[in-house]
2 protein chains.
Amino acid sequence: TSLVLVVQGLGLLSVILVSVWMGNYLGGFAWSEDPDRQFNYHPVFMVIGMIFLYSDSILAYRVFRNVNKLYVKILHASLHVGALIFAAVGLKAVFDFHNAKSIPNLYSLHSWIGLSTVILFGLQWVCGFVAFLFPKLSYGLRTRYMSQHVFWGLTILAMAVGAALTGIMEKAWFMNFAKDSKFKYSALPSEGVVINCLGVSIIVMAIIVFYLVTR
Amino acid sequence: TSLVLVVQGLGLLSVILVSVWMGNYLGGFAWSEDPDRQFNYHPVFMVIGMIFLYSDSILAYRVFRNVNKLYVKILHASLHVGALIFAAVGLKAVFDFHNAKSIPNLYSLHSWIGLSTVILFGLQWVCGFVAFLFPKLSYGLRTRYMSQHVFWGLTILAMAVGAALTGIMEKAWFMNFAKDSKFKYSALPSEGVVINCLGVSIIVMAIIVFYLVTR
Ligand code: HEM
Ligand code: HEM
Ligand code: HEM
Ligand code: HEM
Ligand SMILES: O=C1O[C@H]([C@@H](O)CO)C(O)=C1O
């Protein structure tokens, strides 16, 4: 349906907005030669992996209703692998940044939510693989697990949205208080509008995914 | 079931943690005579209204399965009125604080999410009242509206959780950078543990509510 297209549009919009924020306002990208700009990969890769690819993978079953179920399963599982790879690189970027700057790891609410999300996502992947692809549970067990799989799939997506929103707030306030930055959040400059629209776009997208899956 | 009791426990825990944070670490409460401490009512009242009472109201139908449906409806609607009253006072506290300090209103992602949440909650209340209590829609329309009512009821709860988490991050970083505060978030002092546990407690509680309602 057309709602699936809206999800694609909002997913793309989110990736564009987070890239503009990091690429344009916060100085662009670098790897370990410049830790501050290495950080900038973190938000971009987390949004691509844990929001955009994650949602697309969930919607695969809605879009390819008439395609051989095995192919759709493989697509669903592969998109989730893609999501996990982006997430891993995004996490590497922020841990490298912290270590390079001697900032402690895992102190914030954002980092607690974020790490739990990725771990649960990994567990869900293993359970989904074992139940539905190989070695594949019996029909009875599979149907009983299915409702749990869908529940946790949506719950972990909601957690990923929570991780993204807390991360966005955190970075916005870091820049607001950073000595070398002119960003004043309360004056709502264009950078602030980009930040808020990024959050709104992620939320609206997730709501539509929930709506499509629970119908 | 016992999960309902866990929700009560986590709801109470969240209210206690946010009260300890505001009451103990951030100087306690006052009304307009001291705007900085008037702010402190905002998180406490929002958590009581939009998280604790909201969840309890949703669970009313699960707990009172054998009670006359009309009574449960009235309880459900009244708890939601209570939630709305706490939310209104909590919003008044933060708008007063902003106005007293000449801080612009509604610039942050948190405030955008928060205000949308409360407005949608109010609309849901009106729709629920009209559909299920007075004048009451026909049986056919009521059943068709029901699945939308449940979907939006849970979606708005998720948004309230998103509002609370972004608000928590925001306040945590304000205090981290405030000149007259010794709070260093990255050293994870006891105040930081209270903050993170508040967030975790709200998230776990909401997940259990979703679980109970979707089963
Ligand atoms: C689903 C998405 C996300 C996940 C799972 C996630 C996860 C994490 C984790 C585990 C850390 C801790 C790293 C460490 O302690 O060394 C972290 C740090 C951080 N993230 Fe994210 N993140 C996500 C999205 C974002 C976004 C979108 C932003 C900003 C726009 C962001 C901003 C930050 C910042 C500023 C830090 C450093 C401060 C801290 O440790 O909290 N994150 N993230
Ligand atoms: C190898 C890994 C996986 C396999 C083989 C797998 C398999 C499946 C299958 C067979 C369905 C049922 C589709 C239907 O008939 O409606 C499904 C649905 C779903 N899966 Fe997975 N899954 C895997 C990993 C994951 C992961 C990692 C997540 C999220 C973290 C996830 C989230 C979901 C969700 C939310 C649905 C519901 C989609 C809908 O009903 O439209 N899955 N999955
Ligand atoms: C469902 C819960 C919540 C809702 C609906 C909500 C709503 C709002 C709204 C609409 C504003 C804007 C006020 C203005 O611009 O004058 C605001 C401001 C604020 N809130 Fe919340 N809030 C919630 C929970 C919390 C919590 C739990 C905290 C902190 C622990 C918090 C911290 C703040 C802070 C620091 C501000 C001022 C900065 C800003 O405007 O973003 N909020 N809140
Ligand atoms: C006057 C206002 C309201 C009335 C009369 C009303 C009525 C109802 C009724 C009849 C049900 C069906 C329970 C069942 O048979 O399973 C229900 C469920 C529900 N309502 Fe409301 N409602 C009102 C306001 C609200 C509001 C403001 C919200 C949230 C913002 C909300 C959220 C929910 C949710 C999530 C459920 C599902 C609970 C479950 O299935 O256990 N309601 N409501
Ligand atoms: O990720 C972080 O960024 C800040 C600071 O380095 C940015 O100014 C900080 O304390 C973090 O944990």
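In this report, the structure presented in the accompanying data block is examined. Predicted model, so just to flag it, every value in this text is computed and none were measured. (Residues numbered from 1 in each chain as written. Chains lettered and ligands numbered in written order. Predicted model: local features only at pLDDT ≥ 70, side-chain atom pairs only at ≥ 80, totals over all residues. Heavy atoms only, no water.)

### A short note on the interface of chain B and chain A
Interface size, as often reported, equals the accessible area lost upon joining of the parts.
No. 1: With 34 residues of chain B at the interface, the matching set in chain A holds 34 residues.
No. 2: Note on chain B versus chain A: buried area summed over both sides is about 3,200 Å², and carbon and sulfur give 80% of it.
No. 3: Our count for the contact surface shared by chain B and chain A stands at 0 salt bridges.
No. 4: If you look at where chain B meets chain A, you find 10 residue pairs in polar contact (both at pLDDT 80 or more).
No. 5: At the level of elements, helix H5 (109–132), helix H6 (139–177) and helix H7 (190–214) of chain B are the ones that each hand at least two residues to the side of chain B that touches chain A.
No. 6: Considering every element that reaches the side of chain B that touches chain A, the biggest residue donor is H6 of chain B, with 14 residues.
No. 7: Grouping the amino acids of the side of chain B that touches chain A by side-chain chemistry returns 22 nonpolar, 10 polar and 2 charged. (Contact = heavy atoms within 4.5 Å. Buried area = accessible area lost by both parts, 1.4 Å probe. Salt bridge = Lys/Arg side-chain N within 4 Å of Asp/Glu carboxyl O. Polar contact = N/O pair within 3.5 Å; in protein donor to acceptor, adjacent residues only side chain to side chain. Helix = DSSP H or I, 4+ residues; strand = E, 2+ residues; numbered from the N terminus. Nonpolar A, V, L, I, M, F, W, Y, C, P; charged D, E, K, R; others polar.)

### Here's the deal with the site of ligand 1
Residues and elements named next belong to chain A.
No. 1: Taken together, 26 residues sit near ligand 1, with His42, Asn105, Ser108, His110 and Glu170 positioned nearest.
No. 2: Between His98 and ligand 1, the recorded distance is 3.0 Å, taken from a side-chain N or O atom to an oxygen atom.
No. 3: Of all the secondary-structure elements, those providing two or more residues to the shell around ligand 1 are helix H3 (41–63), helix H4 (69–100), helix H5 (109–132) and helix H6 (139–177).
No. 4: Counting residues per element, the shell around ligand 1 draws most heavily on H6, at 7 residues.
No. 5: Taken together, the residues that form the shell around ligand 1 break down as 17 nonpolar, 8 polar and 1 charged. (Near = heavy atom within 4 Å.)

### Comments concerning the site of ligand 4
Residues and elements named next belong to chain B.
No. 1: What surrounds ligand 4 is a group of 21 residues, the closest being Tyr61, Arg62, His76, Met146 and His149.
No. 2: Interatomic distance of 3.5 Å between a side-chain N/O atom of Tyr61 and a nitrogen atom of ligand 4.
No. 3: For ligand 4, an oxygen atom lies 2.6 Å from a polar atom in the side chain of Arg62.
No. 4: Going through the elements one at a time, helix H3 (41–63), helix H4 (69–100), H5 and H6 are the ones with two or more residues in the shell around ligand 4.
No. 5: Broken down by element, the shell around ligand 4 gets its largest block of residues, 6 residues, from H5.

### Side note on the coordination of the iron atom of ligand 1
Residues and elements named next belong to chain A.
No. 1: The iron atom of ligand 1 binds to the protein through His42 (NE2) and His110 (NE2); the donor distances cover 2.0 Å.
No. 2: Coordination geometry of the iron atom of ligand 1: the 6 donor atoms subtend angles of 86 to 179° at the metal centre, consistent with an arrangement described as octahedral. Of the two residues, His42 is situated in helix H3 and His110 in helix H5; the sequence distance between them amounts to 68 residues. The exposure classification of His42 matches that of His110, with both residues buried. (Donors = N, O, S within 2.8 Å, 3.2 Å for Na, K, Ca; no water. Tetrahedral: all angles 85-135°; square planar, octahedral: opposite > 155°, others 65-115°. Buried < 20%, exposed > 50% of the residue type's maximum accessible area, 1.4 Å probe, protein only.)

### What about helix H7 (residues 190–213) of chain A?
For an α-helix, the turn length of 3.6 residues means that residues three or four places apart are oriented alike.
No. 1: The first and last C-alpha atoms of H7 of chain A sit 35 Å apart over 24 residues, in line with the 34 Å expected at 1.5 Å per residue.
No. 2: Of all 24 residues making up H7 of chain A, 18 are buried, and the element is well covered by its neighbours. (Expected span 1.5 Å × (residues − 1).)

### Topic: the packing of aromatic side chains
Each aromatic ring pair is summarised here by two numbers: the centre-to-centre distance and the angle between the ring planes.
No. 1: One pass over the full model with this rule turns up 35 aromatic pairs over all chains.
No. 2: Considering the side-chain rings of Phe151 of chain B and Trp152 of chain B, the 5.3 Å spacing of their centres and the 85° angle between planes classify their relative orientation as edge-to-face.
No. 3: For Trp152 of chain B, a relative accessible area of 31% gives the class partly exposed.
No. 4: Arg215 of chain A extends its terminal NZ or CZ atom over the ring of Phe151 of chain B, reaching a point 5.2 Å from the ring centre. (Phe/Tyr/Trp six-rings, centres within 6.5 Å; stacked < 30°, edge-to-face > 60°. Lys NZ or Arg CZ within 6 Å of the ring centre and 35° of its normal.)

### A closer look at the pattern of salt bridges
No. 1: Following the criterion strictly, the structure yields 6 salt bridges over all chains and no others.
No. 2: For Lys101 of chain A, the salt bridge identified is with Asp36 of chain A, shortest N-O distance 3.2 Å. On the criterion of sequence distance, the pair formed by Lys101 of chain A in the loop between H4 and H5 and Asp36 of chain A in helix H2 (residues 35–39) is long-range, its members being 65 residues apart.
No. 3: Residue Asp96 of chain B is joined to Lys92 of chain B by a salt bridge in which the shortest nitrogen-to-oxygen separation is 3.0 Å. Here Asp96 of chain B pairs with Lys92 of chain B, and both are found in helix H4, just 4 residues apart, close to one helical turn.
No. 4: Owing to a relative accessible area of 18%, Asp96 of chain B belongs among the buried residues under this scheme.

### Some thoughts on H5 of chain B
No. 1: Between its first and last C-alpha atoms H5 of chain B spans 34 Å; for 24 residues at 1.5 Å apiece the expected length is 34 Å, and the two agree.
No. 2: Those residues of H5 of chain B not exposed but buried are Leu109, His110, Ser111, Ile113, Gly114, Thr117, Val118, Phe121, Gln124, Gly128, Ala131 and Phe132 of chain B.

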